[in-house]
Amino acid sequence: MTHPFLDLAPLGADRFAAIEDRVARLLSTGQDVVIMQGEALLPLEGAIRAAAGEGTTALNVVTGPYGQTFGDWLRDCGATVIDLAVPFHTAVTAEEIRQAFAEHPEIDFVSLVHAEAATGNTNPVAEIGEVVRAHGALFYLDAVASIGAEPVLPDAWGVDLCVIGAQKAMGGPAGVSAVSVSERAWARMAANPKAPRRSYLSLLDWKERWIDGGRKALLHAPAQLEMLALEACVERIEAAGLDAVMARHASAATATRAGAVALGGGLEPYVYEARDAAPVATTLRAPSPVVASELVRRALEADPAVPLAAGGGPLAKEMIRVNHYGADATPGAVRASLAALGVALREQGLAVDVEAALRAVEGAWR
């Protein structure tokens, strides 16, 4: 019996390298791009363990749960970590980064999440990059959620390690991911005696055995289906145009905020300022004393197809997340999400205006 997912010809080195080149073009980067054979946590952790260690002083910006995770990894590597935490309903500013350097001039590594899909905020990476560059620190960026939803420009922004994943705004697979690596970052890794080698986490293995070898022989058998899915999703973005894909996500975010306000029932944007709100997902604050996770549960009962989730951990009590990314960055998904939330809010005895919310979505979509 044949199946389109089975009995495929092996994915050769040339095809693998060609997919890397297309990802590099998506990032507008001349840096080396390595596609790693696992979800984005693989290069996120691998890059930190390769580039940081004893003697590293890291400024770790915390605007959501992933920033907290990066701080844990950095400490585990032996780095001295200075956490710069800002409220999850806002974004960090370039001035706050500048002040951190003024107080700790020894900082030589900065870790930042571009867009925190979990909290719905996005950080001004271009402005922050200027500050980091001026101080000569290595700049590590998690752009997993932002790629495809807003500009991600590692070269223009001075990002030394930029990690992306395809499973959100790109609308692709979760099983492979990529990282762009600057020459400065490669040099930092090579000088780190504790950088992973002969390990699935190792970026240096890819550098020495794949890139330096002219991309002729893969380290191991690639995740073939995931690589083909990545190629397909990049082809789809190229066909539509990256600007058009990003515009669709921006419209989804603007329309969701406008629709939530018009819906009423005490629902309001979790991220206060629209300029700080991520285009990949919109977070909403549930009206007190309604529990957000219960509201989401009831909304999903009303319409199981809507891209709604409650916040993680303690945020489950107050935060609702509208995941309008990838295939769900559409007016229909936004309208359906707000209509389902309207049903759930009305069941709580709250006054809502679903028709006003739907009109607001239509008026805000560009």
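Let me sum up the structure you'll find in this document.

**Description of the packing of helix 10 (residues 242–263) against helix 12 (residues 331–347)**
Relative orientation and spacing of two packed helices are given, respectively, by the angle between their axes and the distance between those axes.
Then step 1. Close contact between helix 10 and helix 12 brings their axes to 10 Å; oriented N to C, the two are set at 25 degrees. The orientation of helix 10 with respect to helix 12, classified from their angle, is roughly parallel. Like other packed secondary-structure pairs, helix 10 and helix 12 cross with a definite hand, here right-handed. When helix 10 is examined against helix 12, the residues Ala 252, Ala 255, Thr 256, Gly 259, Ala 260 and Leu 263 are found in contact with a partner set consisting of Val 334, Leu 338, Leu 341, Gly 342 and Leu 345.
Then step 2. Taken together, the residues of the contact of helix 10 with helix 12 sort by class into eight nonpolar, three polar and no charged.

**Some words on the pattern of salt bridges**
Side chains that differ in sign of charge can pair as their charged atoms come close.
Then step 1. In this structure the tally under the stated criterion is 21 salt bridges.
Then step 2. Residue Arg 22 is joined to Glu 235 by a salt bridge in which the shortest nitrogen-to-oxygen separation is 3.4 Å. Residue Arg 22 is found in helix 1 (residues 13–26), and its partner Glu 235 is found in helix 9 (residues 224–240); the two are separated by 213 residues along the sequence.
Then step 3. For Asp 276, the salt bridge identified is with Arg 275, shortest N-O distance 3.9 Å.
Then step 4. Salt bridges linked by common partners bring Glu 294, Arg 297, Arg 298, Glu 301 and Glu 347 together as one network.

**So, helix 1**
Then step 1. An ideal rise of 1.5 Å per residue puts 20 Å on 14 residues; helix 1 measures up with 20 Å between its terminal C-alpha atoms.
Then step 2. Of all the residues in helix 1, the buried ones are Ala 13, Phe 16, Ala 17, Ile 19, Glu 20, Arg 22, Val 23, Ala 24 and Leu 26.
Then step 3. For helix 1, the elements touching its buried residues are strand 1 (32–36), strand 8 (161–165), strand 9 (177–181), helix 8 (203–211), helix 9 and helix 10.
Then step 4. Just beyond helix 1, the residue with positive phi is Ser 28, at close to 50 degrees.

**A closer look at unusual backbone geometry**
Then step 1. Of note, the bond from Ser 288 into Pro 289 is cis; its omega dihedral lies within 30 degrees of zero at 5 degrees.
Then step 2. Looking at the secondary structure, you find Pro 289 in the loop between strand 11 (282–285) and helix 11 (292–302).
Then step 3. Its identity as a non-glycine residue notwithstanding, Asp 7 has a phi of 60 degrees, on the positive side.
Then step 4. By the element assignment, Asp 7 lies in the segment before helix 1.
Then step 5. With a phi angle near 50 degrees, Ser 28 is a residue other than glycine that sits in the positive phi range.
Then step 6. Structurally, the position occupied by Ser 28 is in the loop between helix 1 and strand 1.

**Details of the sheet that holds strand 13 (residues 319–322)**
Then step 1. Reading across the sheet, the four strands line up as 10-11-13-12 and stay open at both edges, with antiparallel pairing between neighbours. Either end of the sheet is taken by a strand with one partner, and the two such strands are strand 10 (268–269) and strand 12 (308–310).
Then step 2. Across four bridges, strand 11 lies against strand 13 in antiparallel orientation. Within the sheet, the bridge partner assigned to Thr 282 lies in strand 13 and is Val 322.

**A few points about the packing of helix 12 against helix 13 (residues 354–364)**
Then step 1. Interaxial distance between helix 12 and helix 13 falls to 10 Å at its minimum, and their mutual angle equals 160 degrees. On the basis of the axis angle, helix 12 is roughly antiparallel to helix 13. Of the two elements, helix 12 crosses helix 13, and the hand of that crossing is right-handed. Two secondary-structure elements touch here, helix 12 through Pro 331, Val 334, Arg 335, Leu 338, Ala 339, Gly 342 and Arg 346 and helix 13 through Val 354, Leu 358 and Val 361.
Then step 2. Looking at the contact of helix 12 with helix 13 residue by residue, the class counts come to seven nonpolar, one polar and two charged.

**Description of the nonpolar core**
Then step 1. In this structure, Ile 97, Leu 161, Met 189 and Leu 230 are the most contacted members of the largest nonpolar core, which totals 84 residues.
Then step 2. The greatest single-element share of this core, amounting to seven residues, is contributed by helix 1.
Then step 3. Counting residues in each nonpolar core, the second largest holds 28 residues, with Ala 255, Leu 263, Leu 341 and Leu 345 among its members.

Thresholds applied
- Residues numbered from 1 in each chain as written.
- Predicted model: local features only at pLDDT ≥ 70, side-chain atom pairs only at ≥ 80, totals over all residues.
- Heavy atoms only, no water.
- Axes fitted to C-alpha atoms, helices over the stretch in contact; angles between N-to-C directions.
- Helix = DSSP H or I, 4+ residues; strand = E, 2+ residues; numbered from the N terminus.
- Parallel < 35°, antiparallel > 145°, perpendicular 65-115°, else oblique.
- Left-handed = near helix turned anticlockwise from the far one by under 90°.
- Contact = heavy atoms within 4.5 Å.
- Nonpolar A, V, L, I, M, F, W, Y, C, P; charged D, E, K, R; others polar.
- Salt bridge = Lys/Arg side-chain N within 4 Å of Asp/Glu carboxyl O.
- Expected span 1.5 Å × (residues − 1).
- Buried < 20%, exposed > 50% of the residue type's maximum accessible area, 1.4 Å probe, protein only.
- Pairing = 2+ DSSP bridges.
- Core = buried A, V, L, I, M, F, W, Y, C linked by side-chain atoms within 4.5 Å.

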